[in-house]
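Chains, contacts and geometry: an overview
Read off the chains here:
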Amino acid sequence: MISLTVISLLVSAGVGIATPTPTPTGRPLPLVIWHGLGDTYDSDGIQSVGNLAQKLHPGTFVHSIYLDPDPDSDRSATFFGQVNTQISTVCEQLSSIPELTSGFNAVGFSQGGQFLRAYIQRCNTPPVRTLITFGSQHNGISDFLAECRPTDFVCRTASSALQSSKWTSWVQNRVVPAQYFRDPEDLEAYLEYSAFLADINNERPNERNATYARNLALLEKFVMIMFEEDTTVVPKESAWFAEFNKTTGKRTLLEDRELYKQDWIGLKKLGKEKKLDFLTAPGRHMELSEELLTGLFEKYLGGRVVMDGEKVGLRVQGVEL
């Protein structure tokens, strides 16, 4: 069974890993990873991502976000829990790690991507420099298509609850995927009952939080990756903040949405400064090759924290952004 967002790392034979020339001063920026639905912070896939980052940029400190040190409980928390509480927990977790004090790069897989964005918008202490998200549901999901094993009670219960009663208070405060459910054809219910996404996307006219836009606009780079054959995230264009009407088939790109035009969360400012990258990856949801990750990590995760007296800055080597 391939669960909703467990990484399938396809290692390509003969793929070379280039090691950057050592720099006499500074150290690689740390990397923080947030896994997706049905995965765990210490899974083989997540560990392989961290190992690759350390091979490409020796000395990189890697932290994998967890909601519970017990892997089984950590996996359950991807299905059941209050997302707002989980974000607050992660804000405290990251602020307590000394290695992250000067800032870090972040990689989010599927729902871990929009949750890392929420960390930036609500906390960002310590700050994120570059955010890379893979197949993340930035504009929500309009259907839930988890592949649950018959014996996977946690997955099956979450799927049943979301499909039967997604707007009830009980589901919105307990079932994680329900908290980023968004149907463009039922926006009235979404704006009224959504416990997470409507807020973090600043979509409620009378409740817009200026801090969200200010914090997200501080990013050095925001990279959003959509999987070309993604049938798990519905619609797949959510990975780019695009809107899709399943009845009419109409796709509305981010730059044509009010979210961007009125800059509700800082994306327009990032766009004007050429700090937004929209990329596609071949294959299905969370099918990642070592070759693809190597290219991305070489280009976007090359920053170094440079110590010069009391000044702390970001230097990007050999990367044209």
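As shown above, the structure is provided for reference.
Residues numbered from 1 in each chain as written. Predicted model: local features only at pLDDT ≥ 70, side-chain atom pairs only at ≥ 80, totals over all residues. Heavy atoms only, no water.

Here we look at the overall build of the protein chain
The criterion, for reference: Secondary structure elements follow DSSP: runs of H or I no shorter than four residues count as helices, runs of E no shorter than two count as strands, and numbering proceeds from the N terminus. Two residues qualify as a contact provided that any one of their heavy atoms is within 4.5 Å of a heavy atom in the partner residue. Each accessible area is a Shrake-Rupley result for a 1.4 Å probe, and residues are judged covered by the shown protein chains and nothing else.
From N to C terminus, the protein chain includes 12 helices and 15 strands. Of the contacts made within the protein chain by residues no fewer than 6 positions apart, 73% connect residues no fewer than 24 positions apart. For the protein chain, the accessible area works out to roughly 13900 Å², and carbon and sulfur atoms hold 50% of it.

Here's the deal with the pairing of strand E6 (residues 128-134)
Looking along a regular strand, one sees side chains alternate from face to face of the sheet. The test is simple: Whether a residue is buried, partly exposed or exposed follows from its accessible area with a 1.4 Å probe, protein chains only, as a fraction of its type maximum: under 20%, in between, or over 50%, in that order. The path from the first strand over the helix to the second decides the hand: if it runs clockwise while the strands point away from the viewer, the crossover is right-handed. Any two strands with at least two DSSP bridges between them are considered paired.
Taken across its 7 residues, E6 has 7 buried, putting it largely inside the fold. Between strand E5 (residues 104-109) and its parallel partner E6, the chain crosses via helix H4 (residues 111-122), and the hand of that crossover is right-handed. Looking at chain direction, E6 and strand E8 (residues 221-227) are connected through 5 bridges and run parallel. Bridging from a neighbouring strand, Phe134 pairs with Ile225 of E8.

Overview of a negative patch on the surface
Put simply, the rule reads: Each patch is assembled from residues with relative accessible area greater than 30% and no salt bridge, linking like charges that lie within 9 Å and nonpolar side chains (Val, Leu, Ile, Met, Phe, Trp, Tyr) that lie within 5 Å. For salt bridges, the criterion is a side-chain nitrogen of Lys or Arg within 4 Å of an Asp or Glu carboxyl oxygen. Under this rule, positive means Lys or Arg and negative means Asp or Glu; His and the chain ends count for nothing. Every charge is mapped to an atom, namely NZ of Lys, CZ of Arg, CG of Asp or CD of Glu.
Among the surface-exposed residues, Glu185, Asp186, Glu188 and Glu192 lie close enough to one another that they form a single negatively charged patch. Within the fold, Glu185 resides in the loop between helix H6 (169-172) and helix H7 (187-193).

Considering the packing of aromatic side chains
For any pair of aromatic rings, the description rests on two quantities: the centre-to-centre distance and the angle between the ring planes. Selection rule: Any Phe, Tyr or Trp ring, taking Trp's six-membered ring, that has another such ring centre within 6.5 Å forms a pair; planes under 30 degrees apart are called stacked, those over 60 apart edge-to-face, and the others tilted.
Using the criterion set out here, one finds 9 aromatic pairs in the structure. On the numbers, 5.4 Å between centres and 50 degrees between planes, the contact of Tyr41 with Tyr66 is tilted. Residue Tyr41 is found in the loop between strand E3 (31-34) and helix H1 (44-56), and its partner Tyr66 is found in the loop between strand E4 (62-64) and helix H2 (71-76); the two are separated by 25 residues along the sequence. With a centroid separation of 5.6 Å and 85 degrees between ring planes, the pair formed by Phe115 and Phe196 is classed as edge-to-face.

Things to note about helix H3 (residues 83-95)
To be explicit about the condition: In this analysis, the expected span of each helix is defined as 1.5 Å times one less than the number of residues it contains. The arc refers to the directions leading from the helix axis to the C-beta atoms.
For H3, built from 13 residues, the straight-helix expectation of 18 Å at 1.5 Å per residue is met to within 8% by its first-to-last C-alpha distance of 18 Å. Those residues of H3 not exposed but buried are Val83, Gln86, Ile87, Val90, Cys91, Gln93 and Leu94. All buried residues of H3 project into a common sector of 165 degrees when viewed along the axis, lining one side. Buried residues belonging to H3 abut E3, E4, E5 and H4.

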